[in-house]
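As a plain string of letters, each chain reads:
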Amino acid sequence: MMDINDRNDSGWKNGGGQPPQSEPQRQYYYMARLRAYVEEKSLALGRPLTASIQTFGCQMNARDSEKLAGILREAGYEQIDSEEADFVLYNTCTVRENANQKVYGRLGTLNHWKKDHPHMMIALCGCMMQEPEVVEKIRKSYRFVDILFGTHNIFKLAELMVTRIEAADMVVDIWKDTDLVVEDLPNRRKYSFKSGINIMFGCNNFCSYCIVPYVRGRERSREPEDILNEIRRMAQDGVTEVMLLGQNVNSYGKTLDTPMTFAALLREIEKIDGLKRIRFMTSHPKDLSDELIEVMGSSDKICKHLHLPLQSGSTRVLKEMNRRYTKEQYLDLVERIRAGVPDISLTTDIIVGFPGETQEDFLETMDVVRKVRYDSAFTFLYSKRTGTPAASMPDQVPEDVAKERFDRLLKEVQEISRQVTARHVGTVQQVLVEEINRQDASLVTGRLSHNTVVHLPGDASMIGKILDVKLTECRGFYYLGEPV
Ligand code: SAM
Ligand code: SF4
């Protein structure tokens, strides 16, 4: 975190003077200015101002939202879940078409609320905003939105809000790409004892169905010292589990001035005192090294779980997807991982109905699912994303055919998952307790190192602790347990 005294030199601690040009000082200047507006409005309303961040999509967005929440807290907003707030921010996803539709639907509802509360501000950020057609549509048809920004400048939230307050017109600030990584901004963790942490941004892989490289820009890694210092600070602050985030963590460090492998970074993270569990996602199979398998096998802290997206089991489809591995290479990799890290849980992502997918191709996917026996799998119906190479491929699979395959795959995945998950029944395992059970307040819910969910009797005092738990019963995808 930056030293608060640094903020005093040009009077900008209180938001006076000219904005500094360098980051993050410039943003602290704007947070102070925003705070002055928030205090004034709170006084007029006789209550604190509230802010609501709605996050769509992946763990990257969830982490971005923690940073946005940190900025809003610094500016004096009280964060609430309800969208009946003074400031509502949608952090959007655009990986599949239905994610976009969801946002348009919810904006309609928000408009009604804003009509009765004209001082309210609405902002949209994230992947969807990196698509020019989306920005055009919102500018034309959703004039009540106040601020639009993208994935590359989320650190500017306070500056954009101050600009909106002073300009009285919609503020649009979308960057096409960036190589800027702004360090040392505030963030507000959802959990006190675990946190996501970005180790890299963007993606260079251009899988032919995927919009991420277009909306998140080119791959860039953070400096290892910045990552290690952030984790050290988190550990001192009570964090025992970190999730290292990147679209392809296995290619971490390639773009650094002094290149470093992901496995070498893990070795350094492992040395941090107080840290008990290390997770990471996502691992692209084409870049998963023997060095990584070795580090995972010998580590006490790296969790026994690997998310290894398959996408398709057909070598022909994988080639069309530009995944750069074959069915055989994937299966061979799984074998090497299982040999190096016994009892590891494997999970995956699979797309059904990719353009040109035949019945034979689909059966290849089913074959891999039966051979690997995943602990769980996210299954997706292929969604056509304009601008990606797959969108203009011939032979788009008819919806009913894709849906029928999807249902068959899901049934298979669930049946295998039920059998595989049950392998630990009767054993004692370490569980990190995360929260009070949402259905039954006499239970708490936690996770194994394998990432499987466990419910056990308990109370709030257990949250954040790692306990030995006897797994008494497996109910499909989760366990019931008893502390020992
Ligand atoms: N970088 C990660 C990787 O390579 O596995 C995943 C990022 S993506 C946000 C998460 C998942 O969404 C992908 O693994 C893929 O299965 C799915 N996905 C991406 N584009 C898709 C599309 N056009 N249609 C359906 N699913 C898609
Ligand atoms: Fe998308 Fe492929 Fe990059 Fe993952 S690796 S974000 S699926 S392009």
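Relevant structure appears above.
Residues numbered from 1 in each chain as written. Chains lettered and ligands numbered in written order. Predicted model: local features only at pLDDT ≥ 70, side-chain atom pairs only at ≥ 80, totals over all residues. Heavy atoms only, no water.

### A short note on the overall build of the protein chain
Line of reasoning, step 1. Regarding its fold elements, the protein chain presents 13 helices and 19 strands.
Line of reasoning, step 2. In summary, the protein chain has a C-alpha radius of gyration of 23 Å against a globular reference of 23 Å for 484 residues, a match within 12%.
Line of reasoning, step 3. Oriented by its inertia axes, the alpha-carbon framework of the protein chain measures out at about 65 × 55 × 50 Å.
Line of reasoning, step 4. Expressed as a percentage of the 484 residues in the protein chain, the buried residues total 55%.
Line of reasoning, step 5. About 21500 Å² of surface is accessible on the protein chain, with carbon and sulfur atoms providing 50% of the total.
Line of reasoning, step 6. Charged side chains of the protein chain number 64 positive and 70 negative; the gap between the two group centres comes to 2 Å. (Helix = DSSP H or I, 4+ residues; strand = E, 2+ residues; numbered from the N terminus. Rg over C-alpha atoms; globule rule 2.2 N^0.38 Å. Buried < 20%, exposed > 50% of the residue type's maximum accessible area, 1.4 Å probe, protein only. Areas by Shrake-Rupley, 256 points an atom, 1.4 Å probe, with all protein chains shown as cover. Lys, Arg positive; Asp, Glu negative; His and termini not counted. Charge placed at Lys NZ, Arg CZ, Asp CG, Glu CD.)

### As for the site of ligand 2
Line of reasoning, step 1. Ligand 2 sits among Cys 203, Asn 205, Phe 206, Cys 207, Tyr 209, Cys 210, Val 212, Pro 213, Gln 247, His 284 and Arg 323.
Line of reasoning, step 2. A per-class count over the shell around ligand 2 returns seven nonpolar, three polar and one charged. (Near = heavy atom within 4 Å. Nonpolar A, V, L, I, M, F, W, Y, C, P; charged D, E, K, R; others polar.)

### A few points about the nonpolar core
Line of reasoning, step 1. Judged by nonpolar contacts, the single largest core of 69 residues is most densely connected at Leu 244, Phe 262 and Phe 280.
Line of reasoning, step 2. The greatest single-element share of this core, amounting to six residues, is contributed by helix H8 (residues 262–270).
Line of reasoning, step 3. Once residues lying within four places of it in the same chain are set aside, the contact partners of Leu 244 are Ile 197, Ile 199, Ile 231, Val 249, Phe 262, Leu 266, Ile 269, Ile 278, Arg 279, Phe 280 and Met 281.
Line of reasoning, step 4. Tyr 29, Met 31, Leu 49 and Phe 149 belong to the second largest nonpolar core, which has 31 residues in total. (Core = buried A, V, L, I, M, F, W, Y, C linked by side-chain atoms within 4.5 Å. Contact = heavy atoms within 4.5 Å.)

### Brief notes about the site of ligand 1
Line of reasoning, step 1. Among the 15 residues in the neighbourhood of ligand 1, the closest are listed as Gln 247, Pro 309, Gln 311, Asp 349 and Ser 383.
Line of reasoning, step 2. Between ligand 1 and Gln 311, the relevant distance is 2.7 Å, taken from an oxygen atom to a side-chain nitrogen or oxygen of the residue.
Line of reasoning, step 3. Asp 349 has a polar side-chain atom sitting 2.6 Å from an oxygen atom of ligand 1.
Line of reasoning, step 4. Counting residues per element, the ones that place at least two in the shell around ligand 1 are strand E13 (345–352) and strand E14 (376–381).
Line of reasoning, step 5. When grouped by side-chain class, the residues that make up the shell around ligand 1 number seven nonpolar, four polar and four charged. (Polar contact = N/O pair within 3.5 Å; in protein donor to acceptor, adjacent residues only side chain to side chain.)

### What to know about helix H7 (residues 224–236)
Line of reasoning, step 1. For H7, which comprises 13 residues, the first-to-last C-alpha distance of 18 Å matches the rise-based estimate of 18 Å (1.5 Å per residue) to within 8%.
Line of reasoning, step 2. Pro 224, Ile 227, Leu 228, Glu 230, Ile 231, Met 234 and Ala 235 are the residues of H7 that are buried. The buried residues of H7 occupy one face: seen down the axis, they fall within an arc of 160 degrees.
Line of reasoning, step 3. Contacts made by the buried residues of H7 are with helix H2 (59–74), strand E7 (194–198), strand E10 (241–245) and H8.
Line of reasoning, step 4. Looking one or two places after H7, you find Gly 238, whose phi comes out positive at around 100 degrees. (Expected span 1.5 Å × (residues − 1). Arc of directions from axis to C-beta.)

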